[in-house]
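So you can see what is in the structure, the chains are spelled out below.
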Amino acid sequence: MIVVTTPTGQIGHQVLNNILDSGEEIRVIARDPSRLSPHVRERVEVVQGSHGDIDVVTEAFAGADCVFWLVPPNPHVDNIKSYYLDLTRPMCETIKSQGVKRVVDVTTLGHGYVKEAGHLSAGFAVDDLIESTGVNYRALRMPFFMDNLLQQVETIKSQGMFFLPNFADRTLATVATSDIATVAAKFLLDDSWSGQESVPVIGPDNLTPTDMAQIMSKVLQRPICFHQVSYADYKATMLQYGVSNAWAQGLIDMAAAQNDGIYDAEQRATQSTTPTSFRQWCENVLRPAVLA
């Protein structure tokens, strides 16, 4: 039995699709099961609720061998690290009581970075908490998600521009969420591994945001520019969208850590582990979204 959290999320739904035809029993935890397609609902067992609720995870983990774990974003929380840990503690209690053998988690590159890194620091804390249970564990460590740029599709369409607080001339390791889902599914379907290991999941490119804009321009066949915004302006924009002050500051701290090279050591030590280049992602994902 495999349990999948966030089955309708950016990564979780792709993980679920990748294992749906495996022949394994699959159970999902979903706040709103109606968001699952009828095709999926017919083929999985659904436990309704939050995977931060100990009663929900106790029901969901009964008889489970492996769990795909991911902390979903909640841009309204007042403390990011507390949110990540509070959501994960019931899982850590339950994997021991229910005898879950393996956990696969989506986390971040940059362990060992000593400064505050916002959402990335919260991810480090979750890793430590899960590891403390002694469960067999694969921490899939990610850099910047290419797919996060889809949040700016309308700006790319209307202004020919995208905005980040990342330095224009500093390389930023990236990965496509489809590749994350492929790696996660591989570990979920393989019952031969044991122990606790980190698995860097990094795309093949070494691009700056300016380089990304040039690739976008070629793929979309129109000029696309990158505009670096100040931390203060970026935070102000996030607050206008209604996120909490803590969530906005976490995004700033994360960008500052990326600008400070939080991913660099692991990127240098690890050859590309996933196939999708930024250009391929633009062709397969960004261009259809822009043309829609």
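The shown structure was predicted, so the numbers you read here are calculated from the model rather than taken from an experiment. (Residues numbered from 1 in each chain as written. Predicted model: local features only at pLDDT ≥ 70, side-chain atom pairs only at ≥ 80, totals over all residues. Heavy atoms only, no water.)

Participant: Can you explain the packing of aromatic side chains? Please cite residues and give values.
Facilitator: Per the stated rule, a full pass over the model turns up four aromatic pairs. Ring geometry for Y83 and Y84: centres 5.9 Å apart, planes at 85 degrees, overall edge-to-face. Its relative accessible area of 13% is what places Y84 among the buried residues. With 5.1 Å between their ring centres and 50 degrees between their planes, F162 and F226 make a pair best called tilted. Of the two residues, F162 is situated in strand 8 (residues 161–164) and F226 in strand 11 (residues 225–228); the sequence distance between them amounts to 64 residues. Residue F162 is classed as buried on the basis of its relative accessible area, which comes to 0%. Since its relative accessible area comes to 14%, F226 is described here as buried. When the ring centre of W193 is taken as reference, the NZ or CZ atom of R102 above it lies at 5.9 Å. In this structure, K186 packs its charged tip against the face of F187, placed 4.7 Å from the ring centre. (Phe/Tyr/Trp six-rings, centres within 6.5 Å; stacked < 30°, edge-to-face > 60°. Buried < 20%, exposed > 50% of the residue type's maximum accessible area, 1.4 Å probe, protein only. Helix = DSSP H or I, 4+ residues; strand = E, 2+ residues; numbered from the N terminus. Lys NZ or Arg CZ within 6 Å of the ring centre and 35° of its normal.)

Participant: Before we move on, could you go through empty space enclosed by the protein and cite the residues and values that matter?
Facilitator: Scanning the model with the defined rule gives one cavity of 30 Å³ or more in all. Roughly 30 Å³ of internal volume is contained in the largest cavity. Taken together, R170, T171, L172, A173, Q258, G261, I262, Y263 and D264 make up the lining of the largest cavity. (1 Å grid on protein atoms, 1.4 Å probe; cavity = no way out; pocket = protein on both sides within 12 Å on 5 of 7 lines; lining within 4 Å. Points joined across faces, edges and corners; volume = space filled by probe spheres on them.)

Participant: So what's going on with the pairing of strand 2 (residues 26–30)? Which residues, and what values?
Facilitator: A large share of strand 2 lies buried, amounting to five of its five residues. Residues I26, V28 and A30 of strand 2 are buried on one face, and the alternating residues R27 and I29, pointing to the opposite face, are buried as well.

Participant: Could you give an account of unusual backbone geometry, with specific residues and numbers?
Facilitator: We note that T6 has phi near 45 degrees; this positive angle belongs to a residue other than glycine. Among the residues examined, T6 registers a relative accessible area of 13% and is labelled buried. Notably, Q221 is not glycine yet its phi reads approximately 60 degrees, a positive angle. Turning to its location among the elements, Q221 is positioned in the loop between helix 8 (209–220) and strand 11.

Participant: Outline the sheet that holds strand 6 (residues 136–142), listing residues and values.
Facilitator: Read across the open sheet, the seven strands follow the order 3-2-1-4-5-6-10; overall the sheet is parallel. The outermost strands of the open sheet, each flanked by one partner alone, are strand 3 (45–48) and strand 10 (196–200). Put simply, the sheet's adjacent strands are angled 20 degrees from each other on average, direction ignored. Relative to strand 6, strand 5 (residues 102–108) runs parallel, the two sharing seven bridges. (Pairing = 2+ DSSP bridges. Axes fitted to C-alpha atoms, helices over the stretch in contact; angles between N-to-C directions.)

Participant: Describe helix 12 (residues 278–291), and please don't skip the residues or the numbers.
Facilitator: Note that an α-helix has 3.6 residues per turn; residues three or four places apart therefore point the same way. V285 marks where helix 12 bends most, by close to 35 degrees; the proline P288 follows one to four residues later. Regarding helix 12, the residues found buried are F278, W281, C282, L286 and V290. On its buried side, helix 12 packs onto helix 6 (153–159) and helix 8. (Bend = angle between axes of the 7 residues up to and from the residue. Contact = heavy atoms within 4.5 Å.)

Participant: Before we move on, can you summarise the nonpolar core with the specific residues and values?
Facilitator: Counting 72 residues, the largest nonpolar core has F61, V103, I130, F162, M216, F278 and L286 as its most contacted members. The element best represented in this core is helix 4 (residues 80–97), accounting for eight residues. Setting aside chain neighbours within four positions, we find F278 in contact with M146, L149, D205, L207, M212, I215 and M216. Counting 32 residues, the second-largest nonpolar core is a separate cluster that includes A30, I180, V199 and V201. (Core = buried A, V, L, I, M, F, W, Y, C linked by side-chain atoms within 4.5 Å.)

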